[in-house]
Amino acid sequence: MKPRTKFLIGGALVLGVAAYLMATSISATGVMYLTPTELTAKVQADPSFVNAGVKVGARVVPGTIQRDPGGKKYEFQVTDGARTFPVVYRGIAPDTFTDSVDVVVSGRMGTDGTFQATELLAKCASRYENAPTNPDKYKQTPGYKKGVGRA
């Protein structure tokens, strides 16, 4: 067998193994990102999807946050406007976790219809604004200080 043929076979073998490892690792660690409506549809279409790990992006329904006295268990409801379902999270919630905040919860949908979250991320509610185009507009505002060039 010629050296060039051996090299091509060896290269194809290495590329094949690398592609196989990439495909299996992506399928093993990949997580779907769904809305409550999409998650409900998937669970109804395939009941075995109940125990699949997913991330759900939604908004906390105002007035539904209940915190245990110990402070490490939260029960609340999330919605995307069309579907609403309860979420149970055990752990420390972020400081920005409040009513009507957008959240991303990672976990599994339980057979009872409650989402068992293992991770809770709350999106920051603040908005960043550009610098004013007309700084003279704010000169009369309390707390305004004109920037002075320093040498």
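Thresholds applied
Residues numbered from 1 in each chain as written. Predicted model: local features only at pLDDT ≥ 70, side-chain atom pairs only at ≥ 80, totals over all residues. Heavy atoms only, no water. Helix = DSSP H or I, 4+ residues; strand = E, 2+ residues; numbered from the N terminus. Buried < 20%, exposed > 50% of the residue type's maximum accessible area, 1.4 Å probe, protein only. Contact = heavy atoms within 4.5 Å. Areas by Shrake-Rupley, 256 points an atom, 1.4 Å probe, with all protein chains shown as cover. Core = buried A, V, L, I, M, F, W, Y, C linked by side-chain atoms within 4.5 Å. Phe/Tyr/Trp six-rings, centres within 6.5 Å; stacked < 30°, edge-to-face > 60°. Lys NZ or Arg CZ within 6 Å of the ring centre and 35° of its normal. Salt bridge = Lys/Arg side-chain N within 4 Å of Asp/Glu carboxyl O. Patch = residues over 30% accessible without salt bridge, like charges linked within 9 Å, V, L, I, M, F, W, Y side chains within 5 Å. Arc of directions from axis to C-beta. Pairing = 2+ DSSP bridges.

Enquirer: Would you explain the overall build of the chain in this entry?
Expert: A count of helices and strands for the chain gives two helices and seven strands. Listed by position from the N terminus, the elements making up the chain come as α-β-α-β-β-β-β-β-β. Burial statistics for the chain: of 151 residues in total, 26% are counted as buried. Taking contacts inside the chain between residues at least 6 apart in sequence as the whole, the part at least 24 apart equals 45%. A total accessible area of about 11200 Å² is found for the chain, and carbon and sulfur atoms account for 57% of it.

Enquirer: Sorry, what's going on with the nonpolar core here?
Expert: Soluble globular proteins: nonpolar side chains tend toward being buried together. In terms of nonpolar packing, the biggest core is built from 25 residues, with Leu39, Phe76, Phe97, Val103, Val105 and Phe115 touching the most fellow members. If near-sequence neighbours (up to four positions away) are discounted, Val103 is found in contact with Val56, Gly57, Ala58, Val60, Val78, Phe97, Leu120, Leu121 and Ala122.

Enquirer: Sorry if this is basic, but what is going on with unusual backbone geometry here?
Expert: A negative phi angle characterises most non-glycine residues, just as the trans form characterises most peptide bonds. Look at Ser100: it is not a glycine, yet its phi comes out positive at around 65°. As for its placement among the helices and strands, Ser100 is situated in the loop between strand E5 (84–90) and strand E6 (102–109).

Enquirer: Quick question: what am I supposed to make of the packing of aromatic side chains here?
Expert: When we look at a pair of aromatic rings, we describe it by the centre distance and by the angle of the planes. Summed over the entire model, instances satisfying the criterion amount to four aromatic pairs. With a centroid separation of 6.0 Å and an interplanar angle of 40°, the aromatic rings of Phe85 and Phe115 are classed as tilted. Residue Phe85 is located in strand E5, and its partner Phe115 is located in strand E7 (residues 115–122); the two are separated by 30 residues in the primary sequence. Through a chain of ring-to-ring contacts, the aromatic side chains of Tyr74, Phe76, Tyr89 and Phe97 assemble into a single cluster. Of note, Lys42 hangs over the ring of Phe49, and the distance from its end group to the ring centre comes to 5.9 Å.

Enquirer: Before we go on, may I ask you to explain the pattern of salt bridges in this structure?
Expert: Between side chains of opposite charge, pairing is possible as soon as their charged atoms come close. Under the criterion given, the structure shown has two salt bridges. We note a salt bridge from Arg59 to Asp102, for which the minimum N-O separation is 2.8 Å. One end of the pair, Arg59, is in strand E2 (residues 53–60); the other, Asp102, is in strand E6, with 43 residues separating them in the sequence. A salt bridge links Lys73 to Glu75; the shortest N-O distance between them is 3.3 Å.

Enquirer: Is there a simple way to think about a nonpolar patch on the surface in this case?
Expert: Judged by side-chain polarity, Leu13, Val17, Tyr20 and Leu21 come together as a nonpolar surface patch covering roughly 440 Å² of accessible area. Within the secondary structure layout, Tyr20 lies in helix H1 (residues 3–29).

Enquirer: I keep staring at helix H2 (residues 36–45) and nothing clicks. Help me out?
Expert: Because each turn of an α-helix spans 3.6 residues, side chains separated by three or four positions end up pointing in the same direction. Among all positions of H2, only Pro36, Leu39, Thr40 and Val43 are buried. Mapping the buried residues of H2 onto a view down its axis gives an arc of 100°, with all of them on the same face. Considering only its buried residues, H2 is in contact with strand E1 (32–34), E2, strand E4 (73–79), E5, E6 and E7.

Enquirer: Help me understand the pairing of E4 in this model?
Expert: The side chains of a regular strand alternate between the sheet's two faces. Both E2 and E4 contribute to a ladder of two bridges, which runs antiparallel. Looking at E4, one finds that Arg59 is bridged to Thr79. Bridging between strand E3 (residues 66–67) and E4 involves two bridges; their strand directions are antiparallel. Note on E4: the bridge partner recorded for Arg67 is Tyr74. Here E3 folds back onto E4, and the loop between the two strands holds five residues, one of which, Gly71, carries a positive phi near 85°. Here E4 hands over to E5 after four residues, with Gly81 in that stretch at a positive phi of 100°.

Treat this as a map of the structure, not an account of what it does.
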